[in-house]
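Breakdown of the fold
Each chain, letter by letter, is given below.
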Amino acid sequence: NKIWDWAGKIEESQANCQFQVSGPESIILGKNNFSCFKVMLQIQDAQTKGLQLIITRWYADKVGLVKEEDEVFQGDKKINVYYELEDYKVK
């Protein structure tokens with residue numbers, strides 16, 4: 001695992017970010033089994049501490065992004081968003 005921190009401006013807000021890369025990890029999507037590197041990004045609004053975003057992405061060699069899970073926290077509310085590769089072709 002590789003972890004690093006970053007603090008700075010995102011648009012007009014100060015943010016604290018942490019990046020983490022791990023893998024390889026096996027991801028099964030439909031009939032496909034991908035060997036992936038997992039990249040996680042956590043973002044916290046540094047001024048209000050009220051908004052937190054966690055983005056987790058899985059990247060497969062020669063394919064690219066195959067899966068993404070996003071979690072948005074604001075106060076007592078949580079929103080989850082999921083993306084998965086349904087099909088691809090190698091040319």
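Up top you'll find the structure we're talking about.
Residues numbered from 1 in each chain as written. Predicted model: local features only at pLDDT ≥ 70, side-chain atom pairs only at ≥ 80, totals over all residues. Heavy atoms only, no water.

1. A few points about the sheet that holds strand S6 (residues 77-84)
In space, the six strands of this open sheet follow the order S1-S2-S3-S4-S5-S6, with antiparallel pairing throughout. One side of each edge strand has no neighbouring strand; the edge strands of this open sheet are strand S1 (2-10) and S6. If you compare each strand with its neighbour and ignore which way they point, the axes differ by 20° on average. Note that strand S4 (residues 51-60) and strand S5 (residues 64-74) share ten bridges and pair antiparallel. From the neighbouring strand, Tyr 59 faces S5, where its bridge partner is Leu 65. (Pairing = 2+ DSSP bridges. Helix = DSSP H or I, 4+ residues; strand = E, 2+ residues; numbered from the N terminus. Axes fitted to C-alpha atoms, helices over the stretch in contact; angles between N-to-C directions.)

2. Structural notes on unusual backbone geometry
In the segment running from Gly 23 into Pro 24, the intervening peptide bond is cis, with an omega of 5°. Inspection of the secondary structure puts Pro 24 in strand S2 (residues 13-29).

3. Overview of the packing of aromatic side chains
Between two aromatic rings, the relevant description is the distance of the centres plus the angle of the planes. Scanning all chains against the criterion turns up two aromatic pairs. Centroid distance Trp 4 to Phe 19: 5.2 Å. Interplanar angle 10°. Geometry classified as stacked. On the criterion of sequence distance, the pair formed by Trp 4 in strand S1 and Phe 19 in strand S2 is long-range, its members being 15 residues apart. A relative accessible area of 42% places Trp 4 in the partly exposed class. Judged by its relative accessible area of 23%, Phe 19 falls in the partly exposed class. Between Phe 34 and Tyr 88, the aromatic rings sit 5.6 Å apart at their centres with planes inclined by 50°, giving tilted as the arrangement. With Phe 34 in strand S3 (residues 32-45) and Tyr 88 in the segment after S6, this residue pair connects regions lying 54 residues apart in the sequence. For Phe 34, a relative accessible area of 6% gives the class buried. (Phe/Tyr/Trp six-rings, centres within 6.5 Å; stacked < 30°, edge-to-face > 60°. Buried < 20%, exposed > 50% of the residue type's maximum accessible area, 1.4 Å probe, protein only.)

4. Here's the deal with the pairing of S4
When S3 meets S4, the two strands line up antiparallel, connected through nine bridges. Counterpart to Met 40 in the pairing with S4 is Thr 56. The hairpin turn running from S4 into S5, its antiparallel successor, is three residues long, and Lys 62 in that turn takes a positive phi close to 65°.

5. Some remarks on the side chain of Glu 68
If you trace the backbone, Glu 68 turns up in strand S5. A polar atom in the side chain of Glu 68 sits 3.1 Å from the side chain of Arg 57. (Polar contact = N/O pair within 3.5 Å; in protein donor to acceptor, adjacent residues only side chain to side chain.)

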